[in-house]
Amino acid sequence: MRKLYVFDTTLRDGEQSLGITLNVKEKLEVARQLVNLGVDIIEAGFPASSPGDFESVSTIAKEIKGAVICGLTRAVVQDIDRCAQALRPAEQPRIHTGIGVSPVHMERKLMLSPEQVIERAVAAVKYAKKYVSDVEFYAEDAFRADPKFLVQVLAQVIAAGATVVNIPDTVGYASPWEYGELISYVRQNVENIEKAIVSVHCHNDLGMATANSLAGIKAGASQVEGTINGIGERAGNTSLEEVIMAIYTRRAGYGVESGINTKEIAATSRLVSRITGVPVPDHKAIVGANAFMHASGIHQDGVLKDRETYEIISPETIGVPENTISLSARSGRHALKHRLGELGYTVEGTELDAVYQKFLQLADQKKEVFDQDLYALMGDAGTADTGIILRNIAVTTNGSDTATATVTLEHEGKIVTDAACANGPVNAIFSAIDRLTGNTAVLEDYTLKSVTRGREALGDATVKLRHFDGSLVVGKGISTDILEASARAYVNALTKNFRKKARLDPVAK
Ligand code: KIV
Ligand code: ZN
């Protein structure tokens, strides 16, 4: 079995494309979980793109051990300098540099001749090698490049010291057999290819990113790049969890093995969804809520007789454990801690006390507390670090037109109350909070869904606010009262927004 290196770019290709800027704390939390998952390389960001990205890469480089930490650059000296600076504390740093190699990229975007592109590519790799020994080169839009030219570029960057060569299908144009053929062609025609690892990096514009990546692996690529839940530019990147489970389930056919701890897949997917605010569709392969549900009578009958009739992966393999204890208001701390442990959360001491109090409040409102409730509770516990605290809301509505909301907050150390009217209760609550906090960020998106089923289900609200510099922040809130969940999500997003503003402009309020 060949070793397949797993390169996660959730924090770079995934994050950059969403318009959502994750803060350093959020990125660190994802990076820690990626180490638990067992990825080999974490692409932590593009340090030259913003001071925030620089800080994130440098903090991850300092704090995260057990994986290669990688930063992206263009084939530009200043980018490489910034990247090397951000990666300085890393145990195993990698610079990922590259340039467009397709005719449309060279002629229209870069306005460079093929010879100039090769010159820039070689110079960038040599320059990056002055800082680190591990340099990955990406040939942007490789799939639409002239294969003969691609071969020349790759041979020269490997001669210049590239340790990994990345062959992206940047615009998701390939079909699996063609992408597989391109990888075979590169392996057969680049004279010094044995000195570098060949990497696949696919986008999902035609829904084929996973299939294309697998075709590339079958053709001999030893590194796969992708994101958790497939988030990314336009239709997204390759979903790493899909590639990992395809290889795990059909090992013999691919002839490769990854070092991934599959039991961490579900937890990683949930974390990325919570932090980015990008929901996982119910029918999503591997990590969707329905991926292991059997609905029709014939299927249920089959599964009850033998799971293998309709199940190719057991939920436990990806870390969705079978529930054996029922949690309610009568459950103690021990039972809660045990169940949370099975779901992948380690909570001890005062943190356990705080979570247990929240659990009891919830259990008072519900007969039984389900796993989904606990995920939501832990998600909310994770975002409870808020500088603005929601103290109370009261809403009155009169039929179809106006609603009035009175909101009390703890803001800047004072208890403040104000009211606002609007065409609906949620709008009225958000307006009252704006009046109390002086918020000017614009509401970009608001969603509300129920966690678990039934009348007492928790409402899980997500709010996206457009920040003054154009980026988005995501706030989450949960409660059995959907108006309270909405208010909490709004307050959570506002807190992040104010913190961000204060960081970027210390004199601004
Ligand atoms: O899709 C792509 O080509 C990329 C490169 C920058 C690696 O993301
Ligand atoms: Zn990409």
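About the criteria used
Residues numbered from 1 in each chain as written. Chains lettered and ligands numbered in written order. Predicted model: local features only at pLDDT ≥ 70, side-chain atom pairs only at ≥ 80, totals over all residues. Heavy atoms only, no water. Near = heavy atom within 4 Å. Polar contact = N/O pair within 3.5 Å; in protein donor to acceptor, adjacent residues only side chain to side chain. Helix = DSSP H or I, 4+ residues; strand = E, 2+ residues; numbered from the N terminus. Core = buried A, V, L, I, M, F, W, Y, C linked by side-chain atoms within 4.5 Å. Buried < 20%, exposed > 50% of the residue type's maximum accessible area, 1.4 Å probe, protein only. Contact = heavy atoms within 4.5 Å. Axes fitted to C-alpha atoms, helices over the stretch in contact; angles between N-to-C directions. Parallel < 35°, antiparallel > 145°, perpendicular 65-115°, else oblique. Left-handed = near helix turned anticlockwise from the far one by under 90°. Donors = N, O, S within 2.8 Å, 3.2 Å for Na, K, Ca; no water. Phe/Tyr/Trp six-rings, centres within 6.5 Å; stacked < 30°, edge-to-face > 60°. Lys NZ or Arg CZ within 6 Å of the ring centre and 35° of its normal.

Peer 1: Before we go on, may I ask you to explain the site of ligand 1 in this structure?
Peer 2: Ligand 1 sits among Arg12, Asp13, His96, Tyr138, Glu140, Asn166, Pro168, Thr170, His201 and His203. Note that an oxygen atom of ligand 1 is positioned 3.0 Å from one of the side-chain N or O atoms of Arg12. Thr170 places a side-chain nitrogen or oxygen 2.7 Å from an oxygen atom of ligand 1. Broken down by secondary-structure element, the contributors of at least two residues to the shell around ligand 1 are α1 (10-18), β6 (135-140) and β7 (164-169).

Peer 1: Would you take a moment to explain the nonpolar core for this structure?
Peer 2: Nonpolar side chains in soluble globular proteins tend to end up buried together. The biggest cluster of nonpolar side chains holds 94 residues, and the ones touching the most others in it are Phe137 and Ile167. Looking at this core, the element that brings in the most residues is helix α7 (residues 147-159), giving eight residues. Residues contacting Phe137, with those up to four places away along its chain left out, are Thr97, Gly98, Ile99, Ala121, Val125, Val153, Leu154, Val157, Ala162, Val164, Val165 and Asn166. Residues Ala403, Ala422, Ile429 and Leu436 belong to the second largest nonpolar core, which totals 27 residues.

Peer 1: What exactly am I supposed to notice about the packing of helix α6 (residues 114-129) against α7 here?
Peer 2: Each pair of packed helices can be summarised by the angle the axes make with each other and by the distance between the axes. Look at α6 against α7: their axes get within 9 Å of each other, and the N-to-C directions meet at 25 degrees. Taken together, the axes of α6 and α7 lie roughly parallel to each other. With respect to the hand of their crossing, α6 and α7 are arranged in right-handed fashion. Here α6 contributes Pro114, Val117, Ile118, Ala121, Val122 and Val125 to the contact with α7, which in turn contributes Phe149, Gln152, Val153, Gln156 and Val157.

Peer 1: Can you walk me through the coordination of the zinc ion (ligand 2) in this structure?
Peer 2: Ideal values differ by geometry: the angle at a metal is 109.5 degrees with four tetrahedral donors, but 90 or 180 degrees with six octahedral donors. In this structure, Asp13 (OD), His201 (NE2) and His203 (NE2) serve as the protein donors to the zinc ion (ligand 2), at separations of 2.0 to 2.1 Å. One chain supplies every donor for the zinc ion (ligand 2), spaced along it as D-x187-H-x1-H. Judged by relative accessible area, His201 falls into the buried class, the value being 5%.

Peer 1: Would you explain the packing of aromatic side chains in this entry?
Peer 2: For any two aromatic rings, the description comes down to two numbers: the centre-to-centre distance and the angle of the planes. According to the stated counting rule, one finds six aromatic pairs in the structure shown. Ring centres 4.1 Å apart and planes at 10 degrees place the aromatic pair Phe430 and Tyr490 in the stacked group. Of this pair, Phe430 sits in helix α17 (residues 425-437) while Tyr490 sits in helix α18 (residues 482-504); the two residues are 60 residues apart in sequence, bridging distant segments of the chain. Of the residues examined, Phe430 reaches a relative accessible area of 5% and is grouped as buried. Among the aromatic side chains, those forming a connected cluster through ring pairs are Phe430, Tyr446 and Tyr490. When the ring centre of Phe54 is taken as origin, the NZ or CZ atom of Arg82, which lies over that ring, is 3.9 Å away. In this structure, Arg270 is placed above the aromatic ring of Tyr375, and the distance from its NZ or CZ to the ring centre is 3.4 Å.

Honestly, it's all geometry; don't read function into it.
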